[in-house]
Every structure is written in C-alpha cells, then in structure tokens.
Amino acid sequence: MAPTETSTLAQRLDAINEFDREPVSEDRLQGPANFIGLYAGEHVAGTEFVIGPLFVAHGVTAADLLLGLFVGNVLAVLSWALICAPIAVRTRLNLYWKLRKIAGPNLLFLYNIVNALMFCFLAGAMISVAATAVGIPFNMTMPHLNDLYPNSLGWVVTVLAVGAVVTVLAILGFEKIARFSKVAAPWMFLVFVACAIAVLPQLGVTSAGDFWTVANEKIWTGMPLAGQSKFSFWHIMFFAWFCNMAMHIGLADMTILRYAKKWHYGFFSAFGMYLGHYVAWIASGILVALALQQSGEIAPGPIAYLGAGVAGLIAVVVAGWTTANPTIYRAGLAMQTITPNWKRWKVTLAVGVVTTVAALFPALMMRLLDFVALYGLLLMPMGAVIFTDFWLLPKLGLRQDYAEWKHLLFSWPAGLAWGLTLAACWGLNVFWGVGLFFLGLPGWFIATALYLGLSYAQQRAAAPSTSDRLIGEKA
Amino acid sequence: MNNLLKILSFVGLALTVGPAFLVFAGTITWPTHATLMLLGTLLWFGTAPFWMHKQQAEDNG
C-alpha cells in the first residue's frame, strides 16, 4: 500500500474515534453504582433466552451446571478484575487507542473489520431471537434446534420485518435506545425469575424440597437431545469463563473500565455474571424443560410465552432489540473505516442489511454457544498482546507502544502473534481434538509467548539505538 | 410527582415478579399471573423512563 493511502486509512480511523484519543480525565470518572448497573444490564439480555436452553439440549447434569457456572463465572469476574481493569485504570484509554499505539493503525483496521463482522452476526442472532416472539401471533413455524437454513416463508418475512425495524431505529437514534435499555434491565431480570418460578409447579415442583429431584430428573437430565453433543462440568465452566472472552481477557471492556475510579471496580462484573449468566441461564433452562415436555418448541419466543404469556413475548422482543441495536451501531462504527465518505446512516443501513440477512439463518441462534466461543477466540489474541506489552515488555527492558514510537503502520510482532495463535488453536482443534470452548486458555499463553518473543526479536534487531534510548530514558 | 412515579414503578416491578410466587404457592392461577405480569410491565414502562432519565441526567450533570 502506498504511503498516502496508508496515512489516509489512519486518518479515517482517527476521525471516527476523535473523541476518544485522550485518557479519561479525573472529573469524568464514575462511581461503583454505574458499573453495577452497566454490568447487570448488559449481561441480562436476549442471548440468555438461548444459552440456558442449549445447555439443557446438550444434556448437562444439574450438578455440573450449577457448579460449572459458579466456577466459570468466578474465573470470568477475576479476568475482568485482575487482567482488564488494572490496565484500563492505569492507561485510561479505550482498546482502540491502546491497540493503535501497540499494533499500528493498519493492523487495528484489520481488527476492526473482524470485530464488525462478529458484531453483525451477534446482532443477527438477536434479531432471530426477537423474531421467534414476533412470529407467535402469526402462527409462524418456529425454527428447530438442528435447523441451519430458513424453514418457512413466515420466518423469512418476520425476520426481514424485525431486521428492518431494528435497523431503522438504529439509524434514528442510538442514544435513546441505550437509555431505554437501562430502563428495561431491572424488569428484564425479574421476568426471567418470574418465568421460571411460575412454571415450576407444572414440572412437579410444589415445594423447595422438590427442586433438586425435579432438576435432575426433568430439567438437566444428563441426556443430550438428538444430534447434540454431551456437555460436562468442564464445558460449562469454560463456556461461562470464556463467553465474554473478547470483553475481559480480550480487553474490549477497557472502553468501560477506563472510567472506573479504582481497578477493583472490575469485580462489579459479578453482578452481570451471577444475575445474567447464572440466574437467567438457570431460569431459561427450566423454561425449556417444560417446553420439551409440552410442545417441543424450544425457540425463545415460545418458551418465554410458557412462563409469562404476553409479558414474556415483550421481554424477548425487548431483549433482542436492545441487544441488537447497540451491536449494529458498534459494527457501523467499525465499518465506517472502509467507507469514509458515506454518511453514518448509510453505513448503519448497510450493516443492518448484512445483519438481517445473517438473521435469516437459524443456525446462528441455535449454534450460539459455538459462535460466542469463536467470537471471543478470534479477538482474544489482541488482548494478550496488550497485556504483554503493558506488563511484560518493560520487565525485559523492551519498549512499550513500539508502533507508535517508531511510527509503524503495522506491527508485525502483533500481527504474527494474532495470526499464529489462531492457526495454533485451529491445529489444536483439528489435529488434537481440543474443543472450541477450551482453546482460549492455551491460546492466551501462545499469543503472550509469541508477542513477547517476536517483540524481543524486533526491538533487538533495531538495536542499539532502541535499547540505548530506552535505557537512557529510564536513567 | 417524582416520588409518585417511583412508587408506581416499584409496584410495576412487584407485579412483574410477585404473582409468579403466588402461582408456585398455588394461591393464584397461571392466567392470572400472566395478566398481572403484563399489568406490571405496562406500569413499569409507563412510569420508570420519566424518573430514571431525570436521575441519569442529574448523575451525569
């Protein structure tokens, strides 16, 4: 790429993020209540109507589920508190600017594209979730667990209609929808709880003492549905830990936690984990167990209707919509780097079209566990790169933020660490049979080791000037 | 006015979750629970945005 083209690309990226270049100032820091509300709201969402039922479909036992979720969520909270938050409060920068300093604008551009595509698919899954509720009054044929492609004309029409509404609302105003999401959050959590409690008598639970027996015999029976693999404690634990891998060890939540007064605010992620990724997943699992006994329809709309009637349908639509909207907005923001001359509404429209087309395929919703794991895995290596650059390079006498210091457009250590880590994870999966949920842990260590070694090679190759100057500055 | 809105909002939340426990206890039927839950939902969304947005603006401002 010619220098003028590359510098234009960097300028385009910078223009989009013009308000986020500086570290957050002291007067803009937020107190604990904001983080508690934010995490609780963000993790009680449309996906929770899908994930809990998928655990039931994969035949996990009650003990494995409760223990696996408990341990996995502890590890997720620790990842936010001990890995993401300390870097966020020390730099006060968002992921974008920190990565730009380390990896250079061109590699950041590539990261943004991958991120945007993942956002489109995630928003697509949420539109599918909402469509399962909207379609009920029209007697739409619901997608089934093993459906990959659109299964009826009614599904196609409903998804297109929901996608169109969500896209238009995203174009009209992201801020208002974000405010509406905050209003919906406490109500949404209570809907999950109410749905589960209300259907327990239909499963045979008439007193608290009955719950454990029914949980083992009728809900989390240990028997997977036809065509589904069997999940163990380890699947649940690693999924709970890594389903937000892009956010905690992938460091995307630096964008949020840079506003924290203290690093230990990262522990407030526990409100999201234990309300959303514990209570809500258990609640939606209970709902699907009843659905399997009755109609066999396990799509989010029908199961929420079983628990709460019309209010349940409203919850599914609101959950899908409020999650899809900010996701489309974020995808649009990242995509704007490719189309700098387009107005924001045009970019959002294009993203909305891609998202809606993706939503037509029920596979995105029915294989949400795999998609979420893949999403985190794809972005995680860059979190490991930032972690290594921030904590480990100085200990070896190497320079941090090397791309910025050298005015590099593309950091080859960061790029190779990203690419080779993903290649190694692919190899572990294909040749050694390591499951998708388990790849994040070895992947993080591989990315860390690669970036450390490659940075050492890069900076030593540029020596003596680099190291001399660094030593000189330290002195 | 603000306090009245807040009270109505919390009544809405109570109507969203409370009836489920009454179904569990066998005190009310499932259809009654679904109706009360819908009423609670309407009450929450009809009142909460007014005081929550105001409070948020004060917190930010």
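Residues numbered from 1 in each chain as written. Chains lettered and ligands numbered in written order. Predicted model: local features only at pLDDT ≥ 70, side-chain atom pairs only at ≥ 80, totals over all residues.

Colleague: Explain the overall build of chain B here, please?
Modeller: When its secondary structure is counted, chain B shows 2 helices and 0 strands. A globule of 61 residues ought to have a C-alpha radius of gyration of about 10 Å, yet chain B, at 14 Å, is considerably larger. In terms of principal-axis extent, the alpha carbons of chain B reach across some 50 × 15 × 15 Å. Residues classed as buried in chain B amount to 31% of the 61 residues present. Put simply, of all contacts in chain B between residues at least 6 apart along the chain, 66% involve residues at least 24 apart. (Helix = DSSP H or I, 4+ residues; strand = E, 2+ residues; numbered from the N terminus. Rg over C-alpha atoms; globule rule 2.2 N^0.38 Å. Buried ≥ 20, exposed ≤ 12 C-beta atoms within 10 Å, placed from the backbone. Contact = placed C-beta atoms within 7 Å.)

Colleague: Looking at this model, I keep getting lost on the overall build of chain A. Mind explaining?
Modeller: For chain A, the count of helices and strands is 21 helices and 0 strands. A compact globule built from 475 residues should have a C-alpha radius of gyration of about 23 Å, and chain A, at 23 Å, falls within 12% of that. Its C-alpha atoms give chain A principal-axis dimensions of roughly 75 × 50 × 45 Å.

Colleague: Would you take a moment to explain the interface of chain B and chain A for this structure?
Modeller: One frequent convention defines the size of an interface as the accessible area lost when the parts assemble. Each partner contributes to the interface: chain B provides 18 residues, whereas chain A provides 18 residues. Among the elements of the structure, α1 (2-24) and α2 (30-60) of chain B are those that each provide at least two residues to the side of chain B that touches chain A. Examining the composition of the side of chain B that touches chain A, we find that 11 residues originate from one element, α2(B), more than from any other. Of the residues in the side of chain B that touches chain A, the class split is 14 nonpolar, 4 polar and no charged. (Nonpolar A, V, L, I, M, F, W, Y, C, P; charged D, E, K, R; others polar.)

Colleague: Where do I start with the nonpolar core in this structure?
Modeller: Among soluble globular proteins, nonpolar side chains are generally buried collectively. Formed by 191 residues in total, the largest nonpolar core has its most connected members in A:Ala130, A:Cys195 and A:Leu287. Ignoring sequence-local partners within four residues, the contact set of A:Ala130 consists of A:Val162, A:Val316, A:Val317, A:Gly320 and A:Trp321. (Core = buried A, V, L, I, M, F, W, Y, C linked by C-beta atoms within 7 Å.)

Colleague: I keep staring at unusual backbone geometry and nothing clicks. Help me out?
Modeller: Glycine aside, the phi torsion of most residues is negative, and most peptide linkages are trans. Residue and element names in this part refer to chain A. The backbone of Arg92 sits at a positive phi, close to 60°, despite the residue not being glycine. By secondary structure assignment, the location of Arg92 is in the loop between α4 (62-91) and α5 (95-103). Residue class for Arg92 comes out buried when judged on the 20 C-beta atoms lying within 10 Å of it. Residues other than glycine seldom take positive phi values, yet Asp401 does so here, at roughly 50°. Along the polypeptide, Asp401 turns up in the loop between α17 (368-392) and α18 (402-406).

Colleague: How do you make sense of helix α15 (residues 344-359) of chain A when you look at a structure like this?
Modeller: Because an α-helix packs 3.6 residues into every turn, residues spaced three or four apart end up facing the same way. Residues and elements named next belong to chain A. Across its 16 residues, α15 extends 22 Å between first and last C-alpha, which sits within 8% of the 22 Å expected from 1.5 Å per residue. Among the residues of α15, Val347, Thr348, Val351, Gly352, Val354, Thr355, Thr356, Ala358 and Ala359 are the ones counted as buried. Residues of α15 that are buried sit in contact with α6 (105-134), α7 (153-172), α14 (310-335) and α16 (363-366). (Expected span 1.5 Å × (residues − 1).)

Colleague: Explanation requested: the packing of α6(A) against α14(A) in the structure shown.
Modeller: Angle between the axes and distance between the axes are the two parameters that describe a pair of packed helices. All names here are of chain A. Two numbers describe how α6 lies on α14: the axes approach to 8 Å, and their chain directions differ by 160°. Viewed along their axes, α6 and α14 adopt a mutual orientation that is roughly antiparallel. Between α6 and α14 the crossing geometry is left-handed. Its residues assigned to classes, the contact of α6 with α14 comprises 22 nonpolar, 6 polar and 1 charged. (Axes fitted to C-alpha atoms, helices over the stretch in contact; angles between N-to-C directions. Parallel < 35°, antiparallel > 145°, perpendicular 65-115°, else oblique. Left-handed = near helix turned anticlockwise from the far one by under 90°.)

Colleague: Any chance you could explain the packing of α7(A) against α15(A) here in plain terms?
Modeller: Residue and element names in this part refer to chain A. At a minimum axis separation of 9 Å, α7 and α15 run at an interaxial angle of 155°. Between α7 and α15, the angle is such that the two are roughly antiparallel. Every pair of crossing elements has a handedness; the one defined by α7 and α15 is right-handed. Together, Val159, Leu160, Gly163, Val166, Thr167, Ala170 and Ile171 of α7 and Trp345, Thr348, Leu349, Gly352, Thr355, Thr356 and Ala359 of α15 make up the contact between the two elements. Each residue belonging to the contact of α7 with α15 can be placed in one class, and the counts come to 8 nonpolar, 6 polar and no charged.

Colleague: Before we go on, may I ask you to explain the environment of A:Trp97 in this structure?
Modeller: All names here are of chain A. Turning to its location among the elements, Trp97 is positioned in helix α5. The exposure class assigned to Trp97 is buried, which follows from the 22 C-beta atoms found within 10 Å. C-alpha of Trp97 to C-alpha of Pro137: the two residues are 40 residues apart in sequence and 47 Å apart in space.

Colleague: Can you walk me through the confidence of the model for chain A in this structure?
Modeller: Keep in mind that low pLDDT regions are not for reading the predicted coordinates in detail. Of all residues in chain A, 92% have pLDDT values of 70 or greater, and the mean over the chain is 90. Here residues 1-6 of chain A is a poorly scored stretch, pLDDT under 50, and it has 3 contacts once near neighbours within four places are set aside; other chains count. (pLDDT = per-residue confidence, 0-100.)

Colleague: What exactly am I supposed to notice about the environment of A:Ile386 here?
Modeller: All names here are of chain A. Within the secondary structure, Ile386 is located in helix α17. Note on Ile386: 27 C-beta atoms within 10 Å, which makes it buried. A C-alpha to C-alpha distance of 9.7 Å links Ile386 and Ile249, two positions 137 residues apart in sequence. Not counting chain neighbours up to four residues away, the residues in contact with Ile386 comprise Ile87, Lys98, Leu99, Ile102 and Leu251.

Colleague: Any chance you could explain the confidence of the model for chain B here in plain terms?
Modeller: In this model, chain B carries an average pLDDT of 91, and 90% of its residues clear a pLDDT of 70 or more. Two numbers describe this predicted complex: its pTM, 0.90, and its ipTM, 0.95.

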